[in-house]
Amino acid sequence: MNTFKLFAGGNFLLALVLISGCAKDPCGSGAGKVQDEAQCAGVSADEMSGSSIDYYADMDGGISKRPAELQARLAPYFPGITQKQAVERFARGRNNWIAWTAGNDRFWNEIGLYTFGNTDLLKTISNHPSLNYSRDNRWSYLGLVNEPCYEKSTEPQADRFGLWLDTRTDSCGPDPFADAKEYPGVAIGARGDNVEVGSYYGEGTGIVGLRLFTNPAFDAEAEAKWDPVRFYTDPSYYNDKNLVRPYRVGMSCAFCHVGPSPTNPPEDFENPKWSNLNSNPGAQYFWVDRILLWEKDEANYLSQLFHASKPGALDTSLVSTDYINNPRTMNAIYNLAARLEVGTKWGKEKLKGPERNNKQLNDYLPDDHPLDGFYEPPETVYTPRVLKDGSDSVGALGALNRVYVNIGLFSEEWLTHFKPVVGGKKISPFPIANAQKNSAYWRANESQTADVALFFLGSARPDYLADAPGAEQYLTENEQQLELGKEVFGKTCARCHSSKLPEYVFNDFFPDKGCVNSNYLTCWNDYWQHTKTAKFQQAMTKIVKQDDFKQDNFLSNELRVPVTLLETNACSPLARNALAGDIWDNFSSSSYKSLPAVGSVQVQNPYTGEVSDFKMPAGGRGYTRPASLISLWTSAPFLLNNSVGPFKYQGTVDARMESFNESIERLLWPERRVSSGQDEDYDYDFPFDVVTRSGKTHPGYIQVSNRTSSLSLNRGYLPDVVNRFQGLLSRWFPAVFTPEGVTLGPIPAGTPVNLIYNMDLQEVTKDKVDLIVKLIKDLKKLPPGATDEDAKKVFAHLVEPLIKVSSCPDYVTNRGHYFGTDYLPDSEKETPLTDAEKHALIGYLKTL
């Protein structure tokens, strides 16, 4: 992928390749001028107000089936709410989360073009025998949740244009959200002509979080050319940018967030019931490479790149690229009320200019409401921080709305601000004002997100191991050991992993409710040093030992921790999408943008292991918020990229605990970390000795290509102008243009994935282009079946130049978080925990 990004900024050759083959949008063009399909078709936001039917009542512990209990949960935040109102608003928020895709079916259809056919969600949802997957193994192979009330198709469906899609079972009745009369969709293009308009929720696909929509481009001419047999079997047919499919697939938030209930797991994970599913844990078993690349092909460099995402981790800047491979775990959503409370204590941030266009809870509440204290007009917000780098800092609703854009809401506008996937174009901010003016889907979504927040206030409760079947075999009854575990937690962990802290801390160390300004690093350092004192540790341990410690505790302080202290992989805190002038500029606060630089981190040459310093930039980057430890037993492997511990796909209580026990030991005993992210034969991870700031080493790994690969762009996805001159281009550039299309490579086995992908093209210079041209020429000289040693020889004189142009020259995956161990540097030395203390701590962590 990033190999051809490198030419896009200034090289005519690749500029030809990347000319869009998309038809001109009839709804206008250009940033600030284009309308979304709904507004273009005259559909108002009010006509898409959202359903309050409680179809998913069995989910989330069945809380909406107990109206009195739900009312009691919501009453502190919505005084006077009736049981009926509680259920209706709760259901409306949950329906948004699970079934509403906000018009992003257009986006996911177009992404197929930008990835040259590698991403095709219409194939992802299929059951055709030629595929590696079907409904029979979606959970075990893809990590996707099969939707109840559907069954596998075993033959092509005439009423679905010959596609092999799941069908709804008669016993469940029709999909209530597919009711086009109740929820009339957007009549545009061929919709309403030769294809049905359908519902604005689309239809179920048999996969939770993916919805099916008729394609407005599937007119009579397209239908005449449609061949479902060749769609599944003939590359010369489906590798065509002009192929119009009868359907588009939309994605809801549930796709990345709904998972099996840890405390009420399915008997059969391929066939769960609604009562076995939760909206909160996150898609912890999601295989990005298998889902977004429908055809498994390790010779394709995209497969090598996407495989760098461990199961349950995803690079959310993959589309609006920041030239950093940055897969991070899917966020679980627990104890939202406690999280909001943290924002009132030290989440004060300032909004300026277009940042103020974010909707706040106040916009939907009467005066003097219990939730109206999170915003003080015109510029002060008290905000939780959802992203791991703490950048989404404009209020809870703003953080939510950004997520919808990132999965395709108002893609008509969004995609004008960058070159999707391939990069090479200067990025500009996505303006909220443009969305509010030109997108009916955006306005409809804004009106629903307050109920999404309400839904989480009512549903996002911890999943305690004590409530899971068979828990007694994993929980200790040794009260003395649990008391010791609490003491260790209070002295070592709670300073970052508790939202309940000694009250004096909030004012003494973080003035002005958070000290979120250019002085933040001084405030943090003073606090951190204080946490090592007897005064703090005694006060904190007393709080941990109180009976109500876990109640309404987010188990994170939500502060921004310098990565120089954490020593975790630096790529996440280097993410720059939220910087001033970048794509998410409107969704990050001016306070965030004023944060000081944290200093230098230690990185290693991926070939020699040589240690060097990399200076972290200012402007918001360099920090990571501590993960919440709520339901920690459910979320192994650990660290922000799921890199420490073995992955167990089964999802059962036994499998979760097997992963937890091994993962937590590797975290607390770094010497037990292994040279692979998996315990099985997993040849994408290359053993690597990690040198910590203490000077001590432990086993680690970097992610490399496991075989020779190339980035191949099929002729069917190239612009017509390129194909017309294919013969001439082949003579001029024989290393790139071939009869089959464009090939960039070979990239030898053993090449660190991020050595190529992380090349910084935010500003393309002649030196960078010359470097890439030389890289491609050298790679082309490698013989077929080149060995790792051959690769090292080719890269020997290119490694340093490549590292110098890297957006993130940190290649070690499973490093960092050495608290409680003797791996801390002298400047941070604390008495390491004994083995007995670590085991006691593990026993206590299981209860969280």
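Residues numbered from 1 in each chain as written. Predicted model: local features only at pLDDT ≥ 70, side-chain atom pairs only at ≥ 80, totals over all residues. Heavy atoms only, no water.

## Remarks on the nonpolar core
Okay, so step 1: In terms of nonpolar packing, the biggest core is built from 223 residues, with Trp97, Trp414, Phe489, Phe510, Trp524 and Phe660 touching the most fellow members.
Okay, so step 2: Not counting residues within four places of it along the chain, the set of residues in contact with Trp524 comprises Cys496, Phe510, Leu559, Arg560, Val561, Pro562 and Leu565. (Core = buried A, V, L, I, M, F, W, Y, C linked by side-chain atoms within 4.5 Å. Buried < 20%, exposed > 50% of the residue type's maximum accessible area, 1.4 Å probe, protein only. Contact = heavy atoms within 4.5 Å.)

## What to know about the state of the cysteines
Okay, so step 1: Evaluation of the coordinates by the stated rule reveals 4 disulfides.
Okay, so step 2: With a sulfur-sulfur separation of 2.1 Å, Cys515 is cross-linked through a disulfide to Cys523. Across the S-S bond of Cys515 and Cys523 the torsion is about 60°, and the bridge reads as right-handed. The residues Cys515 and Cys523 share a single accessibility class, namely buried. (Disulfide = S-S within 2.5 Å.)

## Some words on the packing of helix H27 (residues 653-668) against helix H34 (residues 835-845)
Okay, so step 1: Where H27 meets H34, the closest approach of the two axes is 11 Å, and the angle between their N-to-C directions is 135°. Here H34 runs oblique to H27, going by the angle between their axes. In this structure, the crossing between H27 and H34 has a hand that is right-handed. Counting all contacts with H27, which are made through Phe660, Ile664, Glu665 and Leu668, the residues of H34 involved are Lys838, His839, Leu841, Ile842 and Leu845.
Okay, so step 2: Here the contact of H27 with H34 is built from residues that sort into 6 nonpolar, 1 polar and 2 charged. (Axes fitted to C-alpha atoms, helices over the stretch in contact; angles between N-to-C directions. Helix = DSSP H or I, 4+ residues; strand = E, 2+ residues; numbered from the N terminus. Parallel < 35°, antiparallel > 145°, perpendicular 65-115°, else oblique. Left-handed = near helix turned anticlockwise from the far one by under 90°. Nonpolar A, V, L, I, M, F, W, Y, C, P; charged D, E, K, R; others polar.)

## Notes on unusual backbone geometry
Okay, so step 1: Along the chain, Pro377 connects to Pro378 via a cis peptide bond; the corresponding omega equals 5°.
Okay, so step 2: With omega at 0°, the peptide bond leading from Ala636 into Pro637 counts as cis.
Okay, so step 3: If you trace the backbone, Pro637 turns up in the loop between strand E16 (623-624) and H27.
Okay, so step 4: In the Ramachandran plot, Glu567 falls in the positive-phi region, its phi being about 65° despite a non-glycine side chain.

## Topic: the confidence of the model for the chain
Okay, so step 1: Residues with a pLDDT of 70 or more make up 90% of the chain, whose mean pLDDT is 89.
Okay, so step 2: Ignoring residues within four places in sequence, the model shows residues 1-23, a span with pLDDT below 50, making 71 contacts including any to other chains. (pLDDT = per-residue confidence, 0-100.)

## Here's the deal with the packing of helix H4 (residues 67-74) against helix H19 (residues 440-459)
Okay, so step 1: Two numbers describe how H4 lies on H19: the axes approach to 9 Å, and their chain directions differ by 110°. When the axis of H4 is compared with that of H19, the two are roughly perpendicular. Along its contact with H4, which presents Leu70, Arg73 and Leu74, the element H19 presents Leu454, Leu457, Gly458 and Ser459.
Okay, so step 2: For the contact of H4 with H19, a count of residues per class yields 4 nonpolar, 2 polar and 1 charged.

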